[in-house]
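A structural walkthrough
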2 protein chains.
Amino acid sequence: MSARVLVIDDIIQNVKLLEAKLQNEYFDVITALSGKDALKILETDLPDIILLDVMMPEMDGFEVCRRIKSNPRTTHIPVIMVTALDQTSKRVEGLEAGADDFLSKPIKDLPLFARVRSLVRLKMLMDELRMREVTVENLKTIEVVKFPLKFNLAAQSTNILLIESSSSSAQRLSSYMDDFAKVDISDGNITDFNLCRYDLIMISLSLPDIDGLRLCSQIKNCEETRHTPLIVLVDEDENDKMVQAMEIGVMDYLVRPVDKNELIARVKSQIRQKMYAESLRENMKRNMEMAITDSVTGLYNRYFLNNYLKNLLCPTNEDRDSVSIIMMDIDFFKKVNDTYGHMAGDEVLVEFAKRIIRNIRTIDLAVRYGGEEFIIIIPKSDATFVKLVAERIRARIEKIPFKISNHSVPIAITVSIGVSLSADKYMDGTSLMGSADEALYQAKETGRNKVCGL
Amino acid sequence: MSARVLVIDDIIQNVKLLEAKLQNEYFDVITALSGKDALKILETDLPDIILLDVMMPEMDGFEVCRRIKSNPRTTHIPVIMVTALDQTSKRVEGLEAGADDFLSKPIKDLPLFARVRSLVRLKMLMDELRMREVTVENLKTIEVVKFPLKFNLAAQSTNILLIESSSSSAQRLSSYMDDFAKVDISDGNITDFNLCRYDLIMISLSLPDIDGLRLCSQIKNCEETRHTPLIVLVDEDENDKMVQAMEIGVMDYLVRPVDKNELIARVKSQIRQKMYAESLRENMKRNMEMAITDSVTGLYNRYFLNNYLKNLLCPTNEDRDSVSIIMMDIDFFKKVNDTYGHMAGDEVLVEFAKRIIRNIRTIDLAVRYGGEEFIIIIPKSDATFVKLVAERIRARIEKIPFKISNHSVPIAITVSIGVSLSADKYMDGTSLMGSADEALYQAKETGRNKVCGL
């Protein structure tokens, strides 16, 4: 995948070299010779990925990274930090500054392209999820999911699976992670492990009798573990395997002998990225639910009803002539609000919704249509059935008065109900709803607390 | 990227061969020997991509494809149709059945892997957008964006840019697309073209003086054209260029001499995929907007207000002590509903919202809080300014009576208003809102149609 790369380094020869390498692979490159310049560029230009040197005068790479990651506009851009080979301890520092990945000087082509491509691929996915953030931002606010700059992993809640046949190596690697994770060890046979409970899986590619790459591919292709970050362990001469692993979708690799600081930085970085992706997905899901739910009662809202009804009554649905609608309006509801206040009114609405839910099937859909008006959509029903349901709800509302806070005597509530059937040839939503509405009006006009329309 | 591939072919040797090839590249393979078997498998298993033979007894590949694409559960899975080499006319038929891509028998490795990887990459992106569909489906409905099985491209609304230096070739290729698109031709200099208006860009990789791959990468890395499908034209011996193009993110390629049917099928397929992706993005955007908007007035809703206020008053916001709140409640609104009906009530709310919007700045946020209650959040303001705004709104509501349909005499409306300032040390949303609410109560109690709180 091509991408726009920002290279930041105070030594112009380094910048030129990286620029040439990346351009040769058809990346689009922009450059900056200081942290200050880079932050200036980022005010107007948003690259897909940033290569950032640590050692720079004035503002060092850590500080630049911190600023990039704490700015809502740039928090999502992956940063690869470039450190000297003998400074692996710097990596943990880089991680705390928000770095997503690390490269050692002198930069070799293979790790460079593998890491850049892997991060770009992840960013493309996240950009689709972030779209919503951007949308909202344009509309007004800055409700952005922030990249978790500070995150504390606790050994009791972080689970890592290490698949490694050499038990001495497994013990050593596991001990590196003791501080922040509980590590389970497998020698390659994973049948007894519940893979979806792990925050990260580390796989040796030197397992006897087992093709580690095949294992990676299986984990990637399983719905439950698709988003679990994988790190592979390779020997120094196994560049081909490393490249192939990254192509399969493995997120990172470690070269043996494994350096402790490097392992910690890479493992933590992967887990943090997973957390960030999960936050984005959760955020979107929550917002989607908000879009279709009534906030007072938790029932579906009018917007959802319209879409749902359209689907249910569409000509290709074979069951479209067995759809019923129950339309309900709480009698004299304004009096509740006026006498007891809006809070009490809301309590009545919530209890009313609860009683509806308890009296319908899971395939039925309960909706707060607005104010004190509720609707139930009942697929696969006939006149007898829907009349039974409507009458039962009417009775359950009438029978037990509604308790409200700060008021010792429960309030008597009744409901008027109108029903309609698509079998009566009300084949589109509007006429089906209109018919139920007429029946409801009739119930109101002829004394309330009754079911009309059948 | 690894993926789960379903191979469908009635000839077991073909199946075995493809399975071996794909497994060797670490794809996860499932197989079916007939269309019926395949549809059965798809009831429980959802692969990432489907390789489908056309010529099969009983149910042919076209019919299988049609069924896959018209089923909401499987409509999003890319299908690569496998046809005999001399049957390029079958491709247009395959396209109409919903195929996303095409391969000729005997299947060569390079095109196979290039096409599978390209489609898998696209699907991964779309899966993030589809998440919402799946969520809603679990909750209840089937509000899925359908893959556009039937789509008619019109020459006046479909725009294609062909970048090709040989004018005879450009003319010929352009003529193939006359029926369904307006084709602009560039010899390689694109400075005069507005690239973001094209539905597809086709680029020759044999341009003199210009590196076609560099051009592809530039187009992919520009925000406006990031999602525009690219197809490259390569010579038969240019496999390396083709592979590199697909790696950059080019969606498809055509080998010279270009077959007319193949070109039509591939171009149309790419445009259809772009349409599908756009529908998914649009759908998500619309739903996101629904989540934060009041459906009657189009103002922001309570849910959005809470998030917005939290951001505005968060300790890191330097302007948090200059936030004002104007809380409004339309006087005697129930009377409007009772006298003129709910429809008229809604009309009043809509007009009320319009008058608010006309009297605030773009950085202010107008919210329907519920019922007849509205709120304006005014950042960067002081007591003098907010008093001015509140008083102006009060006057504008009182001055011109509200017109409603089916009623010749406009209705007189007034509003009671309470204001509060974060400068008065109401530093969190709850206390700021509480203070405005108290002021509003005071306005109501002391005669209505007035501003209190300052």
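Residues numbered from 1 in each chain as written. Chains lettered and ligands numbered in written order. Predicted model: local features only at pLDDT ≥ 70, side-chain atom pairs only at ≥ 80, totals over all residues.

**Overview of the overall build of chain A**
- On a plain count of helices and strands, chain A comes out with 14 helices and 17 strands.
- Radius of gyration (C-alpha) of chain A: 30 Å, far over the 22 Å computed for a compact globule of 454 residues.
- With respect to the three principal axes, the spread of C-alpha positions in chain A is 90 × 55 × 50 Å.
- Counting every position in chain A, which comprises 454 residues, the buried fraction comes to 41%.
- Taking the intrachain contacts of chain A between residues at least 6 apart in sequence as the baseline, contacts between residues at least 24 apart amount to 64%. (Helix = DSSP H or I, 4+ residues; strand = E, 2+ residues; numbered from the N terminus. Rg over C-alpha atoms; globule rule 2.2 N^0.38 Å. Buried ≥ 20, exposed ≤ 12 C-beta atoms within 10 Å, placed from the backbone. Contact = placed C-beta atoms within 7 Å.)

**Let's talk about the confidence of the model for chain A**
Residues and elements named next belong to chain A.
- Chain-level statistics for chain A give a pLDDT mean of 89 and a share of 97% at 70 or above.
- When mean pLDDT is compared element by element in chain A, strand β8 (residues 200–204) scores highest at 98, while helix α5 (residues 109–139) scores lowest at 76.
- Contacts from residues 134–143, a stretch scored under 50 in pLDDT, to residues over four places away or in other chains number 17 contacts.
- The ipTM for the predicted assembly is 0.76, set against a pTM of 0.80. (pLDDT = per-residue confidence, 0-100.)

**Some thoughts on the relation of the copies chain B and chain A**
- Placing chain B over chain A gives an RMSD of 0.2 Å and needs a rotation angle of 180 degrees, together with 0.1 Å of translation along the axis. What the rotation and shift describe, once combined, is the action of a two-fold rotation axis. Of the C-alpha atoms belonging to chain B, the one lying closest to the rotation axis is found on Ala291(B), 1.9 Å away.
- Here 100% of the interface residues in chain B have copies in chain A that are interface residues too; the copies meet face to matching face. (Least-squares fit on C-alpha atoms with pLDDT ≥ 70 in both.)

**Some words on the interface of chain B and chain A**
- With 42 residues of chain B at the contact, the number on the chain A side is 42 residues.
- Sorting the residues of the side of chain B that touches chain A by element identifies α5 (109–139), α7 (212–220), α9 (260–292) and α10 (302–312) of chain B as the ones contributing at least two each.
- For the side of chain B that touches chain A, the class distribution of residues is 19 nonpolar, 11 polar and 12 charged. (Nonpolar A, V, L, I, M, F, W, Y, C, P; charged D, E, K, R; others polar.)

**Considering the sheet that holds strand β3 (residues 49–53) of chain B**
Residue and element names in this part refer to chain B.
- Taken together, 5 strands build an open sheet; the order of strands is β2-β1-β3-β4-β5 and the sheet is parallel. Of all strands in the sheet, those bounded by a partner on one side alone are β2 (28–32) and β5 (101–105). On average, adjacent strands in this sheet sit at an angle of 20 degrees to one another, irrespective of strand direction.
- Judged from the 4 bridges that link them, β3 and strand β4 (residues 79–84) form a sheet pairing that is parallel. Among the inter-strand pairings, Ile 50 is bridged to a residue of β4, identified as Val 79. (Pairing = 2+ DSSP bridges. Axes fitted to C-alpha atoms, helices over the stretch in contact; angles between N-to-C directions.)

**Overview of unusual backbone geometry**
- The residue after Arg256(A), namely Pro257(A), is reached through a cis peptide bond having omega -5 degrees.
- As for its position among the elements, Pro257(A) is in the loop between β10 (252–255) and α9 (260–292).
- Here the residue pair Lys105(B) and Pro106(B) is connected by a cis peptide bond, since its omega of -5 degrees sits within 30 degrees of zero.
- Here Pro106(B) lies in the loop between β5 and α5.
- Although it is not a glycine, Phe332(A) adopts a positive phi angle of roughly 50 degrees.
- The partly exposed category is assigned to Phe332(A), around which 13 C-beta atoms lie within 10 Å.
- In the Ramachandran plot, Lys380(B) falls in the positive-phi region, its phi being about 50 degrees despite a non-glycine side chain.

**A look at the pairing of β10(A)**
Residue and element names in this part refer to chain A.
- Strand direction decides the pairing type here: strand β9 (residues 230–234) and β10, joined by 4 bridges, are parallel. Looking at the pairing, Val 234 lines up with Val 255 of β10.
- For the segment spanning β9, helix α8 (residues 239–248) and β10, crossover handedness is right-handed. (Right-handed = clockwise from strand over helix to strand, strands pointing away.)

**Topic: helix α12 (residues 342–358) of chain A**
- Here α12(A) spans 25 Å end to end across 17 residues, near enough to the 24 Å set by a 1.5 Å rise per residue.
- Among all positions in α12(A), only Gly345(A), Glu347(A), Val348(A), Leu349(A), Phe352(A) and Ile356(A) are buried. (Expected span 1.5 Å × (residues − 1).)

**Notes on the sheet that holds strand β11 (residues 324–330) of chain B**
Residue and element names in this part refer to chain B.
- Taking strand neighbours across the sheet as the criterion, the 5 strands line up as β12-β13-β11-β16-β17 in an open arrangement whose pairing is mixed. Two strands in the sheet have a free side with no partner beyond their single neighbour: β12 (365–370) and β17 (451–452).
- Here 5 bridges tie β12 to strand β13 (residues 373–378), and the two strands are oriented antiparallel to one another. Note that in β13 the partner of Ala 366 across the bridge is Ile 376.

**Description of the pairing of β3(B)**
- Among the 5 residues in β3(B), 5 count as buried, and that is most of the element.
- Crossover connection from β3(B) via helix α3 (residues 61–70) of chain B to parallel β4(B): handedness right-handed.

**What to know about the packing of helix α7 (residues 212–220) of chain A against α8(A)**
Residue and element names in this part refer to chain A.
- Look at α7 against α8: their axes get within 10 Å of each other, and the N-to-C directions meet at 10 degrees. Taken as axis vectors, α7 and α8 run roughly parallel relative to one another. Along its contact with α7, which presents Leu 213, Cys 216, Ser 217 and Lys 220, the element α8 presents Lys 241, Gln 244, Ala 245 and Ile 248.
- Grouping the constituent residues of the contact of α7 with α8 by class yields 4 nonpolar, 2 polar and 2 charged. (Parallel < 35°, antiparallel > 145°, perpendicular 65-115°, else oblique.)

**Focus: the packing of helix α11 (residues 333–340) of chain A against α12(A)**
All names here are of chain A.
- Running from N to C, α11 and α12 cross one another at 140 degrees; their axes reach a closest spacing of 6 Å. By the angle between their axes, α11 is oblique relative to α12. In this structure, α11 contributes Val 336, Asn 337 and Tyr 340 to the contact, and α12 contributes His 342, Ala 344, Gly 345 and Val 348.
- For the contact of α11 with α12, the class distribution of residues is 4 nonpolar, 3 polar and no charged.

**Some remarks on the nonpolar core**
- Within the largest apolar cluster, 109 residues are counted, with the highest numbers of intra-cluster contacts made by Ile326(A), Ile417(A), Ile326(B) and Ile417(B).
- Those residues within four positions of Ile326(A) in sequence are excluded, and the remaining contacts are Ile375(A), Ile376(A), Ile378(A), Val386(A), Val389(A), Ala390(A), Ile417(A) and Val419(A).
- In this structure, Met177(A), Val79(B), Leu95(B) and Phe102(B) belong to the second largest nonpolar core, which totals 67 residues. (Core = buried A, V, L, I, M, F, W, Y, C linked by C-beta atoms within 7 Å.)

**Let's talk about the environment of Phe374(B)**
Residues and elements named next belong to chain B.
- Looking at the secondary structure, you find Phe 374 in strand β13.
- Sequence separation between Phe 374 and Val 415 is 41 residues, and the spatial gap between their C-alpha atoms is 10 Å.
- Excluding residues within four positions of it along the chain, Phe 374 makes contact with Met 328, Ile 356, Ala 366, Val 367, Arg 368 and Tyr 369.

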